[in-house]
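Structure assessment
Each chain is listed here by its residues.
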Amino acid sequence: MSALPHVPPDHPDLHEEPTAGPDPAPGLLWYLTEPTRTAVGIGQFAATRSLLKAAPSGDGHTVLVLPGLGATDASTATLRKFLTGLGYDVHGWGLGLNIGPSVGVVRGMRDLLRELAVNGKVSIVGWSLGGIFARELARDHPGTVRQVITLGSPYAMTDLNQTRVNPVYRLLARFYVAGADMPPPEHTRPPFPVPSTSVYSKSDGIVAWQTCISAPRARQENVAVTSSHLGYGYNATVLWLIADRLSQRPTRWRRFTPPPGMSRMFPEQ
């Protein structure tokens, strides 16, 4: 995983340096069962999609959806179709395979955000590495981003061994822009500048779930779901959550509360 190049500025409200060691990557069993659990999740989505008919509708604002490492816009097609049906102006990233923060990817995302923001602030939904990109875009261009929603994105990672795709990432690192090896530690950075929702799952088989959350602050929350890492974009619970977050008025952000009858679908934090 990685971030766009960024030099963290000094800030008086930074958290103290953590003393505990990094959380390990998910266990081998969680990792090996990712494909099977994802397939089951897709099957369950077909059975529960009627639930999504009651999801909050949109206000027409622009939403950018970013895929994870090794994925393309095809991986987010179900999610984008769902959001389009709710009335949003939804866009994939259009940059092909996500191989990480290469020069073309970094430049392409910045140019795309600039183009999309012509009609107003853009909400960004990022899956895994796409969520790290989303947060860096928001930090660099807070005036153009309405909110950020991340799906299993290890933006709080401090060690590449906290992800099972570490070998792949290191193999591709020669294509990356200078200084993009790791996100700056969250505890060394200023408060996130726009509303954000970090979606994570303790059954994630690719990244340590602890790396996908941060200390709750004003307009910043973590929401637990039950999902495989590869299944976030097909999970009815996750889709409902995204719809709920996007439907908020930009000046009246509130923390997520499961609707009546759905509380069991969202595990305790």
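Structure: see above.
Residues numbered from 1 in each chain as written. Predicted model: local features only at pLDDT ≥ 70, side-chain atom pairs only at ≥ 80, totals over all residues. Heavy atoms only, no water.

**What about the packing of helix α3 (residues 77-85) against helix α7 (residues 236-246)?**
To keep it simple, the criterion reads: Geometry is summarised by axes, namely lines fitted to C-alpha atoms with helices restricted to the contacting stretch, and by angles between N-to-C directions that run from 0 to 180 degrees. Helix numbers and strand numbers start at the N terminus; a helix is a DSSP run of H or I with at least 4 residues, a strand a run of E with at least 2. Note that the term roughly parallel is reserved for angles under 35 degrees, roughly antiparallel for angles over 145, roughly perpendicular for angles of 65 to 115, and oblique for everything else. In this scheme, a crossing is called left-handed if the near helix is turned counterclockwise away from the far one by less than a right angle; it is called right-handed if the turn is clockwise. Here, two residues are considered to be in contact whenever any of their heavy atoms come within 4.5 Å of each other. Polar here means any residue outside two lists: the nonpolar Ala, Val, Leu, Ile, Met, Phe, Trp, Tyr, Cys and Pro, and the charged Asp, Glu, Lys and Arg; Gly therefore counts as polar.
Between α3 and α7, whose axes approach to 11 Å, the crossing angle comes to 45°. Accordingly, the angle class assigned to the pair α3 and α7 is oblique. α3 and α7 meet at a crossing whose hand is right-handed. Between α3 and α7, the residues in contact are Leu79, Phe82 and Leu83 and Leu239, Ile242, Ala243 and Leu246, respectively. The class makeup of the residues in the contact of α3 with α7 is seven nonpolar, no polar and no charged.

**Quick notes on the nonpolar core**
Here is the rule we go by: For our purposes a nonpolar core is just a set of buried Ala, Val, Leu, Ile, Met, Phe, Trp, Tyr and Cys residues, chained together by side-chain atoms within 4.5 Å. Exposure is judged per residue with a 1.4 Å probe applied to protein chains only, and the accessible area is read against the type maximum: over 50% gives exposed, under 20% gives buried, and values in between give partly exposed.
Leu66 and Ile124 are the most contacted members of the largest nonpolar core, which totals 32 residues. The set of elements that each furnish at least two residues to this core consists of β1 (62-66), α4 (103-116), β3 (122-127), α5 (129-140) and β4 (145-151). For this core, the leading source of residues is α5, giving six residues. In this structure, Leu66 is in contact with Trp93, Met109, Ile124, Val125, Gly126, Trp127, Gly130, Phe133, Ala134 and Leu137, ignoring residues within four places of it in sequence. Val65, Val199, Leu239 and Phe266 belong to the second-largest nonpolar core, a separate cluster that totals 31 residues.

**Notes on the pattern of salt bridges**
Opposite charge on two side chains allows them to pair when their charged atoms are near. Our working rule: A pair is scored as a salt bridge if a Lys or Arg side-chain nitrogen falls within 4 Å of a carboxyl oxygen belonging to Asp or Glu.
One pass over the full model with this rule turns up eight salt bridges. For Arg110, the salt bridge identified is with Asp140, shortest N-O distance 3.7 Å. In this pair, Arg110 sits in helix α4 while Asp140 sits in helix α5, placing the two residues 30 residues apart along the sequence. Residue Arg110 is classed as partly exposed on the basis of its relative accessible area of 26%. Given the relative accessible area of 29%, Asp140 is considered partly exposed. The salt bridge involving Glu136 is made with Arg189; its shortest N-O contact spans 2.7 Å. Placement of Glu136 in helix α5 and of Arg189 in the loop between α6 (166-172) and β5 (196-201) is noted, with a sequence separation of 53 residues between them. In the salt-bridge network here, residues are joined through shared partners; they are Glu221, Asp244, Arg245 and Arg254.

**What about the packing of α4 against α5?**
The contact between α4 and α5 brings their axes to 11 Å, and the two run at 60°. Accordingly, the angle class assigned to the pair α4 and α5 is oblique. Seen from above, α4 lies across α5 with right-handed handedness. Contacts between α4 and α5 involve Val105, Met109, Arg110 and Leu113 from the first element and Phe133, Leu137 and Asp140 from the second. Across the contact of α4 with α5, the residue classes break down as five nonpolar, no polar and two charged.

**A closer look at the sheet that holds β4**
Note the threshold: At least two DSSP bridges between two strands are required for those strands to pair.
The parallel open sheet is built from six strands, whose spatial order is β2-β1-β3-β4-β5-β6. Only two strands of the sheet have a single neighbouring strand rather than two, namely β2 (89-91) and β6 (220-225). When strand polarity is set aside, the average angle formed by the axes of neighbouring strands in this sheet is 15°. Of the strand pairs in this sheet, β5 and β6 are connected by six bridges, and their pairing is parallel. Note that in β6 the partner of Ser201 across the bridge is Val225. Contacts between α4 and the sheet are confined to β1, β2, β3 and β4, with β1 contributing the most and set at about 165° to the helix.

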